[in-house]
Amino acid sequence: MRDPEERIRVVVGCRRDLFREGVTRILDAAQGIRVIGQGATGSALVAAAARQSPDVVLVDAELPGLPLMTLLRQLLDLGPSVSVAVLHADEDVRMVSKAMGLGVHAFISKESTGEELAATIRSAARSQDRVILSVPRRMMERLSDPDGGILTEREIEVIELVAQGLRNSEIARSLFISEGTVKRHLTNIYVKLGVDTRISAVNKAESMRLLTSRRQSFAS
């Protein structure tokens, strides 16, 4: 049983320095929480967690270096005393469902406030036999049927911009994400729709009535 007066030790894994520093400041300022380590890649995060023996590891779902599920398995293998929390932006219920199956303890939307983030970390540290969800209600409604929405909201945004003729770099600027993230979304879209080109993805999305924007002519 954790001593309620003992500060929760957290290791934070986020690839962007500014975002990681912001999360660290929020947690360090929260009552009963102390950040003891950081990592900007999957391997660096695993090494920091193994070295520091934290109570909670906070993982950005877009952390580079290792596939997310591989990274989560390695962190969970550190032992039952370590809780793993995933910080995510996309409403990817398949990811959440798979991670829950691995034994991840908490999921935190990047839409959450600092207070919600701290509360989730506290709950993850003190209630290891429960799964803590700090996510938008619209995502909660889809968790009961992860296959009900073929594409996530972000993937629909990406394929709509593809349909408008935008290149990956232009999509990245439009959505304020990296070009690598755009490519990852497109890969997921291809797999989910059973296609292998941009044109066929747009055609399939149109046939499934997933698009709301007007299609432009573009080269594959």
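See the structure printed just above.
What you are looking at is a predicted structure, and each value in this text was computed from that prediction instead of being measured.

So, on to the overall build of the chain. What the chain contains, in helices and strands, is 10 helices and 6 strands. Residue pairs at least 24 apart in sequence account for 64% of intrachain contacts in the chain once pairs closer than 6 positions are excluded. Roughly 11,200 Å² of accessible area belongs to the chain as shown, and the carbon and sulfur atoms make up 48% of that amount.

Strand order in this open sheet of 6 strands is S2-S1-S3-S4-S5-S6, and the pairing throughout is parallel. Strands at the two margins of the open sheet, each flanked by one partner only, are strand S2 (33-39) and strand S6 (132-134). Direction aside, neighbouring strands of the sheet carry axes that sit 20° apart on average. Pairing analysis gives 3 bridges linking strand S5 (residues 106-109) to S6, with the strands arranged parallel. Bridge assignment links Ile108 to a residue of S6, and that residue is Ser134. Of the strands in this sheet, strand S1 (8-13), S2 and strand S3 (56-60) are in contact with helix H2 (residues 42-52), which crosses S1 at around 165°.

Under the defined criterion, the tally for this structure stands at 6 salt bridges. Put simply, Glu62 and Arg15 hold a salt bridge, and the shortest N to O gap is 3.8 Å. Placement of the pair is Glu62 in the loop between S3 and helix H3 (68-76) and Arg15 in the loop between S1 and helix H1 (17-29), with a sequence separation of 47 residues. Arg15 sits in the partly exposed class, given a relative accessible area of 25%.

A few words now on the nonpolar core. General note: in soluble globular proteins, nonpolar side chains tend to be found buried as a group. Grouped together as the largest cluster of nonpolar side chains are 23 residues, with contacts concentrated most on Val59, Leu72, Leu75 and Val104. Of all the elements in the fold, those that place two or more residues in this core are H2, S3, H3, strand S4 (83-88) and helix H4 (93-102). A total of 6 residues in this core trace back to one element, the largest contributor, which is H3. With residues near it in sequence (within four places) discarded, Leu75 still touches Leu45, Val46, Ala49, Val57, Val59 and Val84.

In this section: the environment of Ala61. You can see Ala61 is positioned in the loop between S3 and H3. In the structure, Ala61 is positioned 10 residues away from Leu71 in sequence and 9.7 Å away in space, judged by C-alpha atoms.

Here we take up the side chain of Ser83. Examined against the element boundaries, Ser83 turns out to sit in strand S4. The class for Ser83 is buried, based on a relative accessible area of 0%. Every residue in contact with Ser83, bar those within four places of it in the chain, is listed here: Asp55, Val56, Val57, His105, Ala124, Ala125 and Gln128.

With that settled, the discussion passes to the packing of aromatic side chains. Tallied over the full model, the rule gives 0 aromatic pairs. Residue placement shows Lys110 over the ring face of Phe19; its charged tip is 5.2 Å from the ring centre.

A few words now on the side chain of Thr120. Position of Thr120 relative to the elements: it lies in helix H5 (residues 114-126). A distance of 2.8 Å separates the side chain of Thr120 from the backbone oxygen of Glu116, its partner in a polar contact. Contact partners of Thr120, with chain neighbours within four places excluded, come to Ala106, Ile108, Ile132 and Ser134.

All right, on to H3 then. Of the residues making up H3, those classed as buried are Leu68, Met69, Leu71, Leu72, Leu75 and Leu76. Along the axis of H3, the buried residues cluster in a sector spanning 160°; they form a single face. Buried residues along H3 sit against H2, S3, S4 and H4.

In the contact formed by H3 and H4, the axes pass within 10 Å of each other and the chain directions differ by 25°. Between H3 and H4, the angle falls in the class roughly parallel. Note that H3 runs across H4; the crossing there is right-handed. On H4, the residues that touch Leu68, Met69, Leu72, Arg73 and Leu76 of H3 are Met95, Lys98, Ala99 and Leu102. Here the contact of H3 with H4 is composed, by residue class, of 7 nonpolar, no polar and 2 charged.

Conventions used here
Residues numbered from 1 in each chain as written. Predicted model: local features only at pLDDT ≥ 70, side-chain atom pairs only at ≥ 80, totals over all residues. Heavy atoms only, no water. Helix = DSSP H or I, 4+ residues; strand = E, 2+ residues; numbered from the N terminus. Contact = heavy atoms within 4.5 Å. Areas by Shrake-Rupley, 256 points an atom, 1.4 Å probe, with all protein chains shown as cover. Pairing = 2+ DSSP bridges. Axes fitted to C-alpha atoms, helices over the stretch in contact; angles between N-to-C directions. Salt bridge = Lys/Arg side-chain N within 4 Å of Asp/Glu carboxyl O. Buried < 20%, exposed > 50% of the residue type's maximum accessible area, 1.4 Å probe, protein only. Core = buried A, V, L, I, M, F, W, Y, C linked by side-chain atoms within 4.5 Å. Phe/Tyr/Trp six-rings, centres within 6.5 Å; stacked < 30°, edge-to-face > 60°. Lys NZ or Arg CZ within 6 Å of the ring centre and 35° of its normal. Polar contact = N/O pair within 3.5 Å; in protein donor to acceptor, adjacent residues only side chain to side chain. Arc of directions from axis to C-beta. Parallel < 35°, antiparallel > 145°, perpendicular 65-115°, else oblique. Left-handed = near helix turned anticlockwise from the far one by under 90°. Nonpolar A, V, L, I, M, F, W, Y, C, P; charged D, E, K, R; others polar.

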